[in-house]
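Take a look at the letters that make up each chain.
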Amino acid sequence: MSGGAIPRLVVAAPSSGAGKTTVATGLMAAFAEAGLVVSPHKVGPDYIDPGYHSLATGRPGRNLDAYLCGPDRIAPLFLHGAAGADLALVEGVMGLFDGASGKGELSSTAQVAKLLRAPVVLVVDASSQSRSVAALVHGFASWDPEVRLAGVILNKVGSDRHEELLREAMDSSGVPVLGALHRDGRAGTPSRHLGLVPVAERRADAVESVGELAARVRAGCDLEALLALARTVPELPDAPWDPAAELASAAGAGIGTGTGVSAPERPLIAVAGGAAFTFSYAEHAELLAAAGAEVVPFDPLRDEQLPPGTQGLVIGGGFPEMYAPDLSANAPLRAAVATLAASGAPVSAECAGLLYLSRSLDGKPMCGVLPAESRMTERLTLGYREAVALRDNALAAAGTRVRGHEFHRTVLEPGAGADPAWGLTHPERRVEGFVSGGVHASYLHVHWAAEPSLAGRLVASAAAARGAAR
C-alpha cells in the first residue's frame, strides 16, 4: 500500500460536548492495543487533546489546522505525520461544519475531511432522544455532498432499551451504526479553565483513563467495520511535508535568514517542557533540527540550569498559572534564563512563555526579562489572529505575515513593549508582545510549518550570537 493510501477516518460530532475526544482517544488506544501502528491527528489549534492521542498510540499527536497552515498543507502534513502507520485517526473540532468565525468552512472538520478524502464517523450524543437521532444524522449526511458521512457512533446511551430504540430509528437513515457507548463516568478526563487537564500533569491517572476508554470502545464499537471503512480511502496525490525542503524553499524565496547550519556549528536550542509548558507542535522541533540546531528539552519545574551550551531558547504555551509558586521557587533557572536573554541569544516565547519572562505572575516573581506584570483573570481571550512583524528580530524578518491563535485567561500589563512583537491586522488592529535584543515574546501561538523561515531565522540567530560571543 502506498503512503498516500494510508487507511484513515475522521471522528467528528454535531457539536462540542458530544464526546468525540473520548471516542477518538478510545479508538486510537483500542487499535494500538490490537497491534496496529496508529497515527493520531487533531483538527484545529488545540494542544491538549493531542497529548491524550500520543499517550494512546505512542506516536506524536499532530494538528491539522487549515487556518494556521493553509489548506494546501493539510494533506502533506498528514502524510508526514502518518508515515509508516497502519491507520490514521483524525479527531475533529467543535461541530462537523464549524470553522473559523466568518470564514465559511475554513478550518472546519468538514474541510479537513474533504482535503484528506477521508470518511467521517459522527459521534452523536444520544441522551434525551430516540427517533430524533435519525433526523439529526440525516441532516448532517445531506448538508454537504462532498463530505462522506459513512457511520455513526452513538454516545451516552442510557440503557439497552434506549440503544434498541436508537438503532431502530437509524435503520431508515442510510447511515450505519458502528458503535454504541453507554453512559459511564469512570473513564472521564478532568477539565478546568482552558479545557482538559494535560497528560503531563496527571500521567498515571491519564494512562488509566485511556486504558478504560479503550476497553469501552472495544466492547461497544465494531472495530472490524471501522477498520474496513478506513481502508476504502483513495490515494492522496500530495507529497509528504518535509522540513528541510520547506526551509530550502523559504530561503529560495528570500524569506528569513538561512536554512541550515553546518554540523560543527550546530547551536543548541533548549525547548521548555514538563507539566507547566505542554503546548508545542511536533513540527517545530523538526524544523529546528532541519535548520541545523541540536534540540534539547528541559523542565523549568525541575531543572535548575539550562542545558549546558544553550545558545537559544524556545518557551511555548501551557499552564504556568497553575505552577507559579513552583516556577518562582526555581530561582537558579529564572536567573539563568535572564542571563541568557541579556546576552542577546534568541529567545522565542509564546503565551505561557511570555508570562514566564515577565516580572511576576499572580504576584510571584518570574524571570524579569520583560518590563511587565501578568495575572490570571476571569475573561477568556480566544480566537484566530492575523499579524505582521513590524521590524527585524531574532524570529521574524520585518514584514513577515503570519496567522496565529490566542487562547488564555491571563493579562499582561503593559500588553506591548516599545518594540512590539506583532502588529495584529485581523480581526482587530493593535500591537502586541515584546521584542528586545534577541527576545521575541507574544501571546500569539504560531504554527511554524506555515512559516518555516521562523525556525531557520531562530537557528541562524543562535549561531550568530554564539559566534559574536567568541
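Residues numbered from 1 in each chain as written. Predicted model: local features only at pLDDT ≥ 70, side-chain atom pairs only at ≥ 80, totals over all residues. Heavy atoms only, no water.

Asks: What is the right way to read the overall build of the protein chain from this model?
Replies: A tally of regular secondary structure across the protein chain gives 15 helices and 22 strands. Against the 2.2 N^0.38 benchmark of 23 Å for 470 residues, the protein chain shows a C-alpha radius of gyration of 23 Å, consistent with a compact globule. Seen through its C-alpha atoms, the protein chain measures out along the principal axes to roughly 75 × 45 × 45 Å. Relative to its 470 residues, the protein chain shows a buried fraction of 57%. Sequence-distant contacts, at least 24 apart, represent 75% of the contacts inside the protein chain between residues at least 6 apart. Here the protein chain displays about 17800 Å² of accessible surface, and carbon together with sulfur accounts for 51% of that area. Of the charged side chains in the protein chain, 39 are positive and 49 negative; the average position of the first set lies 2 Å away from that of the second. (Helix = DSSP H or I, 4+ residues; strand = E, 2+ residues; numbered from the N terminus. Rg over C-alpha atoms; globule rule 2.2 N^0.38 Å. Buried < 20%, exposed > 50% of the residue type's maximum accessible area, 1.4 Å probe, protein only. Contact = heavy atoms within 4.5 Å. Areas by Shrake-Rupley, 256 points an atom, 1.4 Å probe, with all protein chains shown as cover. Lys, Arg positive; Asp, Glu negative; His and termini not counted. Charge placed at Lys NZ, Arg CZ, Asp CG, Glu CD.)

Asks: Please explain the environment of P76 as it appears in this structure.
Replies: Relative to the elements of secondary structure, P76 occurs in helix α4 (residues 74-81). Counting along the chain gives 213 residues from P76 to A289, while the straight-line C-alpha distance between them is 19 Å. Aside from chain neighbours lying at most four places away, what touches P76 is D238, A239, P240 and W241.

Asks: Looking at this model, I keep getting lost on the UniProt feature "domain: CobB/CobQ-like glutamine amidotransferase" (unreviewed entry) in the protein chain. Mind explaining?
Replies: This chain's UniProt record puts "domain: CobB/CobQ-like glutamine amidotransferase" (unreviewed entry) on residues 269-451. Span residues 269-451 is 18% helix and 38% strand, its end C-alpha atoms 19 Å apart. (UniProt positions renumbered as here; feature names shortened; annotations may be inferred.)

Asks: Mind showing me how you'd approach the pattern of salt bridges here?
Replies: Proximity of charged atoms lets side chains of opposite charge pair with each other. All chains considered together, the criterion is met by 18 salt bridges. A salt bridge links E373 to R359; its shortest N-O distance comes to 3.8 Å. Of the two residues, E373 sits in strand β16 (residues 373-388) while R359 sits in the loop between α14 (352-357) and β14 (360-361), which places them 14 residues apart along the sequence. What you see here is one network of salt bridges that share partners, running through R385, E406, E428 and R430. (Salt bridge = Lys/Arg side-chain N within 4 Å of Asp/Glu carboxyl O.)

Asks: Is there a simple way to think about the sheet that holds strand β10 (residues 268-272) in this case?
Replies: Backbone-to-backbone hydrogen bonds join strands into a sheet, with any given pair of strands oriented parallel or antiparallel. One open sheet holds the six strands; their spatial order is β11-β10-β12-β13-β21-β20, and the pairing between them is mixed. With partners counted over all chains shown, the strands left at the sheet margins are β11 (294-298) and β20 (434-436), one partner each. Along the sheet, successive strands turn relative to each other by an average axial angle of 15 degrees, direction set aside. Of the pairings in the sheet, the one linking β20 to strand β21 (residues 439-442) comprises three bridges and is antiparallel in character. Opposite S436, over in β21, you have V439 as the bridge partner. Where helix α11 (residues 282-290) meets the sheet, it contacts β10, β11 and β12 (310-315), and its direction lies at approximately 140 degrees from that of β11. Those strands touched by helix α13 (residues 331-342) are β11, β12, β13 (347-350) and β21, and its axis lies near 110 degrees from that of β12. (Pairing = 2+ DSSP bridges. Axes fitted to C-alpha atoms, helices over the stretch in contact; angles between N-to-C directions.)

Asks: How should the sheet that holds strand β7 (residues 177-182) be read in this particular structure?
Replies: The seven strands lie next to each other as β3-β2-β4-β1-β5-β6-β7, forming an open sheet whose pairing is parallel. Here the strands that pair on one side only, and so sit at the sheet edges, are β3 (62-64) and β7. Taking each pair of neighbouring strands and ignoring which way they run, the sheet shows an average axis angle of 25 degrees.

Asks: In this structure, what is going on with the state of the cysteines? I would like to understand it.
Replies: What the rule picks out here adds up to zero disulfides. Not part of a disulfide, C351 finds its nearest cysteine sulfur in C367, a span of 15 Å. (Disulfide = S-S within 2.5 Å.)

Asks: Would you take a moment to explain the environment of T410 for this structure?
Replies: Summarising the element assignment, T410 is placed in strand β17 (residues 401-413). Taking the C-alpha atoms as reference points, T410 and Y67, 343 residues apart in sequence, are found 24 Å from one another. Residues within four places of T410 in sequence aside, it is in contact with L355, R375, M376, T377 and Y443. At 2.8 Å, the side chain of T410 forms a polar contact with the side chain of Y443. (Polar contact = N/O pair within 3.5 Å; in protein donor to acceptor, adjacent residues only side chain to side chain.)

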